[in-house]
Amino acid sequence: MERLRSWLPEALAAGVAGVAGSYALAGFTQAFVAGSLASTVARVTPGIVVTAAITTLGDAGKLLTVAGGFAVAVALFATIALAARAAGDAVESTALPPMLAGTAAFGASTLLTGALAPALAAGAAVGATLVVVPLAARVGGDAPDPGRRRVLGAVGTALAAAGVAYPLGRRRTPGAVADDPPSDPEVRSLLAEASAKSLDVDGLEPLVSDEFYEVDINAADPTLDADEWTLSVTGAVDEDLELDYDEVTAMESREVFTTLRCVGESLNGRKMDTALWTAVPLRDVLERAGVGENCCVMLRAADGYYEEFPVAALREGMLAYRMNGDPLPRGHGYPVRALIPGHWGEINVKWLTEIEILAEPADGYWEKRGWHGTGPVNTVAKLHATARDGDRIEVAGHAYAGTRGISAVEVSTDGGDTWQEATLSEELPGKDVWRQWAYAYDSPGERHEVVVRAIEADGTVQPKERADAYPSGPTGWVSKELRG
Ligand SMILES: Nc1nc2c(c(=O)[nH]1)N[C@H]1C(S)=C(S)[C@@H](COP(=O)(O)O)O[C@H]1N2
Ligand SMILES: [Mo]
């Protein structure tokens with residue numbers, strides 16, 4: 001026990017160094033042990049916990065899985081270091097522990113990630129720590145007691161490893177592959193149109209989102225190479241098809257404004273955004289494969305994600321490969337994702353690799369976890385901006401009804417007793433795109449409740465009844481209490 005405690009600082013330093021070594025060569029990708037472990041943590045966590053994390057923690061949930069991945073990775077290497085020390089102690093060898101620990105750390109990393117170079121770096125860092133920490137403890141000969149020297153040596157080694165690895169790994173973390181400004185004249189003019197049509201209210205996001213939300217099951221997103229990527233069409237088809245990136249992008253494309261909304265967001269949440277996508281229609285691809293009268297499709301992706309929904313929705317779908325004129329950012333599905341107009345975000349599968357036509361319905365990733373998020377979106381009018389100018393108050397937000405379209409937004413400033421029509425942003429081209437609304441009024445000089453509701457294109461009023469995100473998406477009118 002006593003000996004175990006004396007080894008602990010060194011073992012933890014080995015844990016940190018191993019993670020640092022792996023990060024230095026992998027960056028934040030699936031080849032990084034902590035990234036791969038974080039994805040595993042997220043996947044084996046019971047659906048109900050994941051659901052709670054999404055609806056209550058939002059983006060903090062993702063941070064939590066990343067932190068979990070780090071903790072498990074450090075603990076793994078630390079345990080390896082402890083076991084190696086114990087083995088060395090048993091045979092009274094000082095050479096054995098670093099070699100044993102390094103080899104075991106290399107083996108474990110390879111098994112977890114399948115990536116050799118980062119695993120080698122992790123192994124080397126763990127092994128080296130078991131050499132360096134005892135040396136450092138000996139050099140610091142003046143410190144009062146050996147226990148203290150061991151802790152100082154361990155902390156110093158861990159900090160040094162992290163300090164060296166951080167900038168190296170950062171450089172290896174792939175980001176967006178942007179080539180701005182957008183060179184395509186049609187993209188430029190459509191983006192200019194969206195910006196001109198955006199209402200100018202303080203704190204209101206424009207019609208094309210500045211920050212597009214991200215939701216997926218990964219701690220570290222897949223890093224795909226467009227040159228190696230392929231999309232296969234399989235299952236109940238006349239003929240299996242395989243398309244590569246050049247074939248997809250050679251098809252006749254169009255620029256479409258499309259809004260995405262996550263079924264797991266809160267009623268007035270921030271997981272609804274709009275971009276201009278460059279996309280090719282799926283209809284022609286499906287025709288070539290001969291999809292016939294089948295009921296359903298399963299889309300599969302490089303991150304192991306899969307979602308099932310009716311073929312009828314797929315026929316209206318698209319393969320998107322550019323976003324606002326740039327290649328799809330990695331976080332949004334590089335190189336190719338599905339866009340399924342009017343449907344919840346979850347079937348807009350990113351990093352798409354396979355379209356499997358099914359003869360029978362099946363459950364997708366989220367449906368196995370109790371969600372019903374494969375259908376059309378619920379209608380919503382959000383209230384995100386409140387601007388004041390003297391006694392004037394202006395409230396504003398976005399309204400979205402999928403392909404049903406928005407014809408009006410109504411605002412009540414007296415808790416729903418009376419209603420006025422808000423100003424709407426001019427429509428953007430496209431059948432599946434949100435609109436902004438804004439409404440200015442004289443402050444009543446006292447606490448009052450602002451309520452907003454959307455009217456669909458055919459006159460249907462957004463349902464008033466409130467429901468939580470789980471399982472079928474949030475419903476109800478957004479309301480906000482404002483002080484005089
Ligand atoms: N491969 C893959 N595609 C995915 C997901 C995922 O986890 N993996 N998440 C889905 C969910 S739940 C949503 S809401 C949208 C979000 O798209 P965005 O991250 O581009 O905003 O992607 C969908 N596509
Ligand atoms: Mo989602």
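Predicted, not measured: the structure shown is a model, and the values here were computed from it. (Residues numbered from 1 in each chain as written. Chains lettered and ligands numbered in written order. Predicted model: local features only at pLDDT ≥ 70, side-chain atom pairs only at ≥ 80, totals over all residues. Heavy atoms only, no water.)

Q: When you look at the sheet that holds strand S2 (residues 241-244) in this model, what are you seeing that I'm missing?
A: Across a sheet, strands are paired by hydrogen bonds formed along the backbone, either parallel or antiparallel in direction. Strand order in the open sheet formed by five strands is S2-S1-S10-S5-S6, and the pairing between neighbours is mixed. Here the strands that pair on one side only, and so sit at the sheet edges, are S2 and strand S6 (306-310). Each adjacent strand pair in this sheet contributes to an overall mean axis angle of 15 degrees, direction not counted. Where strand S5 (residues 296-301) lies against strand S10 (residues 352-358), six bridges are found, and the strand directions are antiparallel. When the bridges of S10 are listed, Arg-300 appears paired with Glu-354. Against the sheet, helix H10 (residues 282-289) makes contact with strand S1 (230-235), S2 and S10, and its axis sits at roughly 140 degrees relative to S2, the strand it touches most. (Pairing = 2+ DSSP bridges. Helix = DSSP H or I, 4+ residues; strand = E, 2+ residues; numbered from the N terminus. Axes fitted to C-alpha atoms, helices over the stretch in contact; angles between N-to-C directions. Contact = heavy atoms within 4.5 Å.)

Q: Any chance you could explain a negative patch on the surface here in plain terms?
A: The grouping of Asp-225, Asp-227, Glu-228, Glu-242, Asp-246 and Glu-247 at the surface amounts to a negative patch. Within the element layout of this structure, Asp-227 appears in the loop between helix H8 (185-197) and S1. (Patch = residues over 30% accessible without salt bridge, like charges linked within 9 Å, V, L, I, M, F, W, Y side chains within 5 Å. Areas by Shrake-Rupley, 256 points an atom, 1.4 Å probe, with all protein chains shown as cover. Salt bridge = Lys/Arg side-chain N within 4 Å of Asp/Glu carboxyl O. Lys, Arg positive; Asp, Glu negative; His and termini not counted. Charge placed at Lys NZ, Arg CZ, Asp CG, Glu CD.)

Q: Whenever I open this one, the state of the cysteines confuses me. Can you help?
A: In a disulfide, the sulfur atoms of two cysteines are covalently bonded to one another. As enumerated under the stated definition, the model contains one disulfide in all. Here Cys-295 pairs with Cys-296 through a disulfide, and the sulfurs are 2.3 Å apart. Taking the torsion about the S-S bond as the criterion, the Cys-295 to Cys-296 disulfide, at about -110 degrees, is left-handed. With a relative accessible area of 30%, Cys-295 lands in the partly exposed category. (Disulfide = S-S within 2.5 Å. Buried < 20%, exposed > 50% of the residue type's maximum accessible area, 1.4 Å probe, protein only.)

Q: Help me understand the domain arrangement of the chain in this model?
A: Per the domain assignment, the segments of the chain are domain 1 (2-172), domain 2 (185-369) and domain 3 (380-482). With centres defined by C-alpha atoms, the gap from domain 1 to domain 3 works out at 50 Å. (Domains from an automatic or database assignment.)

Q: Is there a simple way to explain the nonpolar core in this structure?
A: One finds Trp-277, Leu-299, Leu-314, Ile-355, Val-395, Val-409 and Trp-437 to be the most contacted residues of the largest nonpolar core, which totals 94 residues. By residue number, the principal contributor to this core is strand S4 (residues 272-281), which donates six residues. Inspection of this core shows a minimum of three residues originating in each of domain 2 (185-369) and domain 3 (380-482). Grouped together as the second largest cluster of nonpolar side chains are 29 residues, Ala-11, Ile-80, Ala-84 and Ala-105 included. (Core = buried A, V, L, I, M, F, W, Y, C linked by side-chain atoms within 4.5 Å.)

Q: Hey, could you run me through the sheet that holds strand S15 (residues 420-421) in this one?
A: Spatially, four strands are ordered S15-S14-S18-S19 in an open sheet, and the strand pairing comes out antiparallel. Each of the sheet's edge strands pairs with one partner strand only, and the pair in question is S15 and strand S19 (478-482). As paired strands, strand S14 (residues 406-412) and strand S18 (residues 448-456) are joined by six bridges and run antiparallel to one another. Looking at the pairing, Ser-412 lines up with Val-451 of S18.

Q: Before we go on, may I ask you to explain the pairing of S10 in this structure?
A: Each regular strand shows side chains that alternate between the opposite faces of the sheet. Burial analysis of S10 places six of its seven residues in the buried class, which makes it a mostly covered element. Here four bridges tie S1 to S10, and the two strands are oriented parallel to one another. Paired with Val-233 across the two strands is Ile-355, which belongs to S10.

Q: What should I look at first to understand empty space enclosed by the protein in this one?
A: If you roll a probe as big as a water molecule over the atoms, it shows you where there is empty space left. Under the counting rule described, the total for this entry stands at one cavity of 30 Å³ or more. As a volume, the largest cavity reaches approximately 290 Å³. Val-215, Asp-216, Tyr-305, Gly-345 and Glu-346 are the residues nearest the centre of the largest cavity, which is lined by 23 residues in total. Class assignment for the residues of the lining of the largest cavity results in 13 nonpolar, four polar and six charged. (1 Å grid on protein atoms, 1.4 Å probe; cavity = no way out; pocket = protein on both sides within 12 Å on 5 of 7 lines; lining within 4 Å. Points joined across faces, edges and corners; volume = space filled by probe spheres on them. Nonpolar A, V, L, I, M, F, W, Y, C, P; charged D, E, K, R; others polar.)

Q: Hey, could you run me through the packing of aromatic side chains in this one?
A: The geometry of an aromatic ring pair is captured by two quantities: the separation of the ring centres and the angle between the planes. Applying the stated criterion across every chain yields a total of 14 aromatic pairs. Measuring from ring centre to ring centre gives 6.3 Å for Tyr-245 and Tyr-321, while their planes differ by 80 degrees; the resulting arrangement is edge-to-face. Taken together, the residues span a long stretch of sequence, with Tyr-245 in helix H9 (residues 245-250) and Tyr-321 in strand S7 (residues 318-323) at a distance of 76 residues. The buried category is assigned to Tyr-321, whose relative accessible area is 7%. Each ring, one from Tyr-439 and one from Tyr-441, has its centre 5.8 Å from the other, and the planes form 20 degrees; the classification is stacked. Judged on exposure class, the residue Tyr-439 and its partner Tyr-441 are both buried. Among the aromatic residues, those joined into a cluster by ring pairs are Tyr-23, Phe-28, Phe-32, Phe-70 and Tyr-166. Residue placement shows Arg-453 over the ring face of Trp-419; its charged tip is 3.7 Å from the ring centre. (Phe/Tyr/Trp six-rings, centres within 6.5 Å; stacked < 30°, edge-to-face > 60°. Lys NZ or Arg CZ within 6 Å of the ring centre and 35° of its normal.)

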